Amino acid sequence: MRSLKFPIRRRSEYCSLVLQPVVPKLWSRDIKRPAEVIPARFLSGKCTVYKLFGLCMVLLFVSLFWLQFSCSGDMSATMHEDRLLHQQPPPCPGDVQASAADDPSWGPHKLALIVPFRERFEELLVFVPFMHTFLSKKKIRHKILVINQVDHYRFNRASLINVGHQESGNDTDYLAMHDVDLLPLNEALDYGFPEDGPFHVASPELHPLYHYKTYVGGILLLTKKHYHMCNGMSNRFWGWGREDDEFYRRLRKAELQLFRPSGITTGYKTFLHIHDPAWRKRDQKRVASQKQEQFKVDPEGGLSNLRYQVESRQELTISGAPCTVINTKLECDQNQTPWCLLA
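(A) Representation of the overall build of the protein chain. Across its full length, the protein chain holds nine helices and 11 strands. Across the protein chain, contacts joining residues at least 24 apart in sequence account for 76% of those joining residues at least 6 apart. Carbon and sulfur atoms make up 57% of the accessible area of the protein chain, which amounts to about 21500 Å² in all.

Rendered as structure tokens:
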């Protein structure tokens, strides 16, 4: 192979050799003189470091412009696809429950969670999503029924629970009589089907406020069959309190064995009681003969003499949790229970 010899050249000659392959000339049949991409004045004269630097900068800017132009099209297409993905609506909570209903691991039973209610919306906003999440984690089919009393009579918790039983539908086979201000914190609490007998979730050993042995309020589960055996709850209790004590006597009369949680070690911290008595005081007034009547057993009243009207039903979703609000007007026989109104 012949060795290459590089003659000694002047700096201007090397400059022309370097620029010659970089600067192309466009020839045309119609144009005799070549059209130069870079003006001849730029190449004429002596080659300096500044001219080389300027040429490099021009080539750099052209390369960057081409790169930006080619990438902008791909980026715009990607952003358009992302925008379409974000515009897709989130899954409907009803669809999630429908898919859960097809899962055999959730079991065959369905719970009607009955919440007697009046003007406690702050607590309801916390209760519904909390209980929906709690029960879903335990794979318990359920629907939350908020029985909202909209008449002008005093609050009647027992009658509202009776209404909830009547309006719960044929797709449920057991009930939870559940206060709106009591939230279970221990996931070991059982909300399953109480086949053997009524199950008092908020037992006296666990409830943060009430600890007497015959207490069955707060949260009580029982089958619809057992609820019928008791004829529901008495409708004579207007105002706050005593209706659950009377229902305990009904359970004993029906010879139903009462069950309570076992193995729960969280004690009085098992539930969170979110009621603020300073903000919302309970109606504990006793009017006329109500003081004497509140300790008596109602032998005939219950589901058999319940009188009410459903003003409207509303399907709501609170923080993704579905519930049904049943606006209810109770009826009161003032000859039988004159204390349904305050004088």
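(B) Local environment of the confidence of the model for the protein chain. Looking at the protein chain as a whole, the pLDDT averages 80, with 69% of positions reaching at least 70. Contacts for the low-pLDDT stretch residues 14-37, under 50 throughout, to residues beyond four places or in other chains number 16 contacts. Confidence over residues 83-91 falls short of pLDDT 50; this stretch has zero contacts with residues more than four positions distant or in other chains.

(C) Representation of the packing of aromatic side chains in the model. Under the definition given, this model contains eight aromatic pairs. Measuring from centroid to centroid gives 5.3 Å for phenylalanine 117 and phenylalanine 121, while their planes differ by 70°, and the two rings are edge-to-face. With centroids separated by 6.5 Å and ring planes inclined at 10°, the aromatic side chains of phenylalanine 130 and phenylalanine 134 adopt a geometry described as stacked. With a gap of four residues between them, phenylalanine 130 and phenylalanine 134 both fall in helix H5 (residues 121-137), about one helical turn apart. Among the aromatic residues, ring-to-ring pairing joins Phe130, Phe134 and Tyr191 into one connected group.

(D) Highlighting the pattern of salt bridges. Tallied over the entire structure, the rule returns 12 salt bridges. The partner of glutamate 123 in a salt bridge is arginine 120, and the shortest N-O contact between them spans 2.8 Å. Each member of the pair, glutamate 123 as well as arginine 120, carries the same accessibility label: buried. Shared partners join several salt bridges into a network, and the residues in it are Lys110, Lys143 and Asp171.

(E) Focus on the pairing of strand E5 (residues 174-178). Among the five residues of E5, five are classified as buried, and the element is accordingly described as predominantly covered. A two-sided burial pattern is seen for E5, the buried positions comprising Tyr174, Ala176 and His178 on one face and Leu175 and Met177 on the other. Across five bridges, the pairing between E5 and strand E8 (residues 219-223) is antiparallel. Each bridged residue has a counterpart across the sheet, and for alanine 176 the counterpart in E8 is leucine 221.

(F) Spatial organisation of the environment of glycine 267. Along the polypeptide, glycine 267 turns up in the loop between helix H8 (243-253) and strand E9 (271-273). Relative accessible area serves as the criterion here: at 22%, glycine 267 is assigned to the partly exposed category. In this structure the C-alpha to C-alpha distance between glycine 267 and proline 204, which are 63 residues apart in sequence, comes to 9.7 Å. Residues within four places of glycine 267 in sequence aside, it is in contact with Glu205 and Leu206.

(G) Representation of H8 in the model. For H8, the full list of buried residues reads Glu243, Asp244, Asp245, Glu246, Phe247, Arg250 and Leu251. Those residues of H8 hidden inside the fold are in contact with helix H6 (157-166), E5, E8 and helix H7 (224-229).

(H) Representation of the environment of valine 325. The topology assignment puts valine 325 in strand E11 (residues 321-330). Given the relative accessible area of 7%, valine 325 is considered buried. Ignoring anything within four residues of it in the chain, the contact list for valine 325 reads Val146, Asn148, Ser312, Arg313, Gln314 and Leu316.

(I) Inspection of the side chain of aspartate 181 at higher detail. Within the secondary structure, aspartate 181 is located in the loop between E5 and strand E6 (182-184). For aspartate 181, a relative accessible area of 4% translates into the label buried. A polar contact is formed between the side chain of aspartate 181 and the side chain of arginine 120, at a distance of 2.9 Å.

Calculation criteria
- Residue indices begin from 1 for each chain and proceed along its sequence in written order.
- Only residues with pLDDT of at least 70 are given local features in this predicted model, and only at 80 or more are side-chain atom pairs given and counted; all residues enter the totals for whole chains, interfaces and linings.
- The side-chain quantities take in all heavy atoms of the structure and omit both hydrogens and water.
- Where helices and strands are cited, they refer to DSSP runs of H or I of at least four residues and of E of at least two residues respectively, numbered from the N terminus.
- Throughout, a contact is declared for two residues whenever any of their heavy atoms are within 4.5 Å.
- All accessible-area figures derive from a Shrake-Rupley calculation using a 1.4 Å probe, and residue coverage is judged against the displayed protein chains alone.
- For every residue, the predictor assigns a confidence score, pLDDT, that lies between 0 and 100.
- Between rings of Phe, Tyr and Trp, where Trp is taken as its six-membered ring, a pair exists when centres lie within 6.5 Å; planes separated by under 30 degrees are stacked, by over 60 edge-to-face, and by other angles tilted.
- Here, a salt bridge means any side-chain nitrogen of Lys or Arg that lies within 4 Å of a carboxyl oxygen of Asp or Glu.
- Relative accessibility decides the category of a residue: with a 1.4 Å probe and only protein chains considered, values under 20% of the type maximum give buried, values over 50% give exposed, and everything between is partly exposed.
- For two strands to be treated as a pair, DSSP must find at least two bridges joining them.
- A 3.5 Å cut-off defines polar contacts: any pair of N or O atoms within that distance qualifies, except that in protein one atom must be a possible hydrogen donor and the other a possible acceptor, and neighbouring residues in sequence count only when both atoms are side-chain atoms.

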